[in-house]
Amino acid sequence: MSRIWRSRELLVFLLLIVLLLAVGLINPNFWRTRSLMHILNSSLILILVSIGEMFVILTRGIDVSVGAILGLSAVILGVALNAGVALPLAVLLALIVSVLAGMVNAVGVTFLRVPPIIMTLGTLGVYRGLMLIITGGSWIETIPTNIKFFANWHVLGVRFFIWVTLVIVILTTFLLRRFKKARYLYAVGDNEEGARLMDIPVKKTLFAAYTLAGLFAGIAAIIFVAQIGFVPMQAGNGQELRAIAADVLGGVNLAGGVGTPLSALVGAIFLTAVDSALVFLKVPGYWNNAVGGAILLAAVYLDYRVRMAVAAQQRQARAAVRKENNHLNPSTSEEQT
Amino acid sequence: MKAQAIKWIKTWEFGLAVLLVLEILVLGAINPTFLNLENLLYSTSDFTHILLAALPLTLIIITAGIDISGVSIMGLASITLGLTWVAGVNIFIALFIALGVGILAGMFNGAFVASTDVNPLVITLGSLFMFAGIAMGLPGLLDALGFKAYGAAGFAAYMYEGISGLPHNFNQIAHGGIGWVPYPLLIVLIFAAFLGIILHKTRFGRYLYLIGVNADAARYSNVPVKSTLVTVYALSGLGAALAGVVLTSYFTSARSDLGKEALLTIITVVVLGGADIYGGKGTIVGTLLAGFFIGFLRQGLLAMGVTSDVVPVVVGGLLVVVVALKLFITTYNQRRLNQQALRISEERR
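Residues numbered from 1 in each chain as written. Chains lettered and ligands numbered in written order. Predicted model: local features only at pLDDT ≥ 70, side-chain atom pairs only at ≥ 80, totals over all residues.

Asks: Sorry, what's going on with the overall build of chain B here?
Replies: What chain B contains, in helices and strands, is 15 helices and four strands. Against the compact-globule benchmark of 20 Å for 349 residues, chain B has a radius of gyration of 22 Å, which places it among compact chains. The C-alpha extent of chain B, read off along each of the three principal axes, is 90 × 55 × 35 Å. Of the contacts made within chain B by residues no fewer than 6 positions apart, 77% connect residues no fewer than 24 positions apart. (Helix = DSSP H or I, 4+ residues; strand = E, 2+ residues; numbered from the N terminus. Rg over C-alpha atoms; globule rule 2.2 N^0.38 Å. Contact = placed C-beta atoms within 7 Å.)

Written out as structure tokens, the structure is:
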């Protein structure tokens, strides 16, 4: 129980509630189901990219190419649909491309042993370039309406894509808790050498993490195309940085081994909610970045202070215990020290 | 003497220099105008902002840190310069204010990195957004605070289209020069010499390597880790602000989003220059050579009729291949040395 109370997910979730309440007090329109659903709907893409990014960060890596993979998959989907490919096939094609893009990163990191930030920075340039080459630099418009239908399809009063994302979040959370091979992600990120000594297939685990990051960017790309209805060349631009910010905000530790899909979910919704909140507070939209950045910095600073305070408390408690032992039985404690 | 020469030839920097010369010759063979020295020097103005940001970033990467907020500091410095100018301040005083803002932004990063254990990537990611947002919002903020600008529409009028019509003297910074050497190149060379001396000839420079190899050991040996880190991030802020000023002069317009696309290239230059992302390795000469290599490569590709869309593919691919190759060579060499040692020990037995 105490573990739940101390978790960062809860802290950010409470902050989110406070934010929503505060904004609602100033502008009551904010507290309508419609605007709350709107926030959720517009955070879906970020949630999915952040979960993908989380797999990589869990292994102590980083993937700055997920935004570019999103863009590339969106372009593939758009081009395929415009060429008359059937919708399921086009979606499958986009997903395959995203998985392949993730695998290229995986090969670089696991087999060539290129540092993750360098590998994915390199492929960031490559994928963005490919995207421009495929389209010749022009936007893909006039996408058939059958995919846009899914963005507005309500199931039980809630948008279809919200259900899809919810299922993915629950599924990944469950797998990361119960599935042994998924636990390997935590083991490798926490202590790679230790994991290797325990016969955990480190390379396979890393490979899976980068491939999954690609796949999730691909799923996000499908929602992107369906929601927006066209593919601008900026598709996914900077999304990797927002995803990392969302993860860190939600409590995923860049030092590896710590984090859950809930972290990604809460962090992504929080960042999106801030953007919407600013609109309701009538703050001009160009302040979004400044506020988002400041919140990220404030959150990591607060987290740092809390960690330090907890550590100091534990030290004091240990010192107190030792002092008491000293008092009761000086001879043994001297041996201990 | 001979041994020393061999050792020198084996360095990464020497390899880069050879690559650079080869590159210029190949590009010259394809297009002879490339070999015209005046052209070659003049064309550096296209990428000096990359070098101005990459050179001090080398110092940070040597300490096992990273600073990705530089691209936002470029825009922040540019818009600061423009706004102070439209507020009626002399353009060259405005220039120094812009540089000051860059240093302050860098110090903010440095203080945050030095006083917490939070990953520098996260910190500068936060400040990347924050500085970019401040640069965007600054015109409106100045209006709200009651500052007066030339023209009726106030500062906010400059938010999207930027501030043009800057004085001729100022625009000369990027477009003038001494003889064949353009001022931006001169600024890069002076800045590189300054950083090179700091890094390779002073105690401060040795501290940077020590912090990069083992920050705890540095702390225990009484190295002033905090002030060293603050200084080195401040230098990065200064470099980015300089880049912003040069870009402003180059485009003859101050904008809040200048340099936004440069992040990939800047980090590629530092890593290609031989700096180790895990800290403890890197030189100013390496970064300088790598900067010229990437800069000329881009221009050569464009001159050969390759569209600018393909350039990031080549740069990104190059980054990965070079690092993979370097790792392969290191592992191969180590294996060879190990086998050699084994052989010797067996012979002795």
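Once you've had a look at it, read on.
Asks: Could you clarify how one ought to interpret the domain arrangement of chain B in this entry?
Replies: Many descriptions give the size of an interface as the accessible area lost when the pieces come together. Residues and elements named next belong to chain B. One can read the domain layout of chain B as domain 1 (2-306) and domain 2 (311-349). Taking only C-alpha atoms, the centre of domain 1 and the centre of domain 2 are 31 Å apart. With nine residues of domain 1 in contact, the opposing surface of domain 2 contributes eight residues. Residue contributions to the side of domain 1 that touches domain 2 peak at five residues, all from helix H13 (residues 263-272). Residues belonging to the side of domain 1 that touches domain 2 are distributed by class as follows: six nonpolar, two polar and one charged. (Domains from an automatic or database assignment. Nonpolar A, V, L, I, M, F, W, Y, C, P; charged D, E, K, R; others polar.)

Asks: I'm lost on the domain arrangement of chain A in this one. Help?
Replies: Residues and elements named next belong to chain A. Partitioning chain A into structural domains gives domain 1 (2-283) and domain 2 (286-337). For domain 1 versus domain 2, the distance between C-alpha centres works out to 33 Å. Counting only elements with at least two residues in the side of domain 1 that touches domain 2, the list comes to helix H12 (239-250) and helix H13 (261-280). In terms of residue count, H13 provides more of the side of domain 1 that touches domain 2 than any other element does, four residues in total.

Asks: Looking at this structure, I do not really get the interface of chain B and chain A. What am I missing?
Replies: In this complex, chain B contributes 36 residues to the contact, which on the side of chain A involves 41 residues. Those elements that provide at least two residues to the side of chain B that touches chain A are helix H7 (120-144), H13 and helix H15 (311-348) of chain B. Sorting elements by how many residues they give to the side of chain B that touches chain A places H7 of chain B first, with 15 residues. Looking at the side of chain B that touches chain A residue by residue, the class counts come to 25 nonpolar, nine polar and two charged.

Asks: Just checking my understanding: could you explain the packing of helix H9 (residues 180-190) of chain A against helix H11 (residues 202-228) of chain A for this structure?
Replies: To characterise two packed helices, one gives the angle between the axes of the helices and the distance between these axes. Residues and elements named next belong to chain A. Contact geometry of H9 with H11 gives a least axis separation of 9 Å together with a crossing angle of 105°. Viewed along their axes, H9 and H11 adopt a mutual orientation that is roughly perpendicular. Of the residues in H11, those touching H9 at Tyr184, Leu185 and Val188 are Val202, Thr205, Leu206 and Ala209. Classifying every residue of the contact of H9 with H11 by side-chain character gives six nonpolar, one polar and no charged. (Axes fitted to C-alpha atoms, helices over the stretch in contact; angles between N-to-C directions. Parallel < 35°, antiparallel > 145°, perpendicular 65-115°, else oblique.)

Asks: How do you make sense of the packing of helix H4 (residues 66-82) of chain A against H12 of chain A when you look at a structure like this?
Replies: All names here are of chain A. Viewed as axis vectors pointing N to C, H4 and H12 meet at an angle of 130°, and their least axial separation amounts to 6 Å. Here H4 is positioned oblique relative to H12, judged by the angle of their axes. Judged by residue contacts, Val66, Gly67 and Leu70 of H4 engage Gln239, Glu240 and Ala243 from H12.

Asks: Looking at this structure, I do not really get unusual backbone geometry. What am I missing?
Replies: Unlike most non-glycine residues, Asp199 of chain A shows phi in positive territory, near 70°. Locating Asp199 of chain A in the fold gives a position in the loop between helix H10 (192-197) and H11. When the 7 C-beta atoms within 10 Å are taken as the criterion, Asp199 of chain A is described as exposed. Although it is not a glycine, Asn222 of chain B adopts a positive phi angle of roughly 65°. For Asn222 of chain B, the position within the fold is in the loop between helix H11 (215-220) and helix H12 (225-251). In this structure Asn222 of chain B comes out as exposed when scored by C-beta crowding, with 7 C-beta atoms within 10 Å. (Buried ≥ 20, exposed ≤ 12 C-beta atoms within 10 Å, placed from the backbone.)

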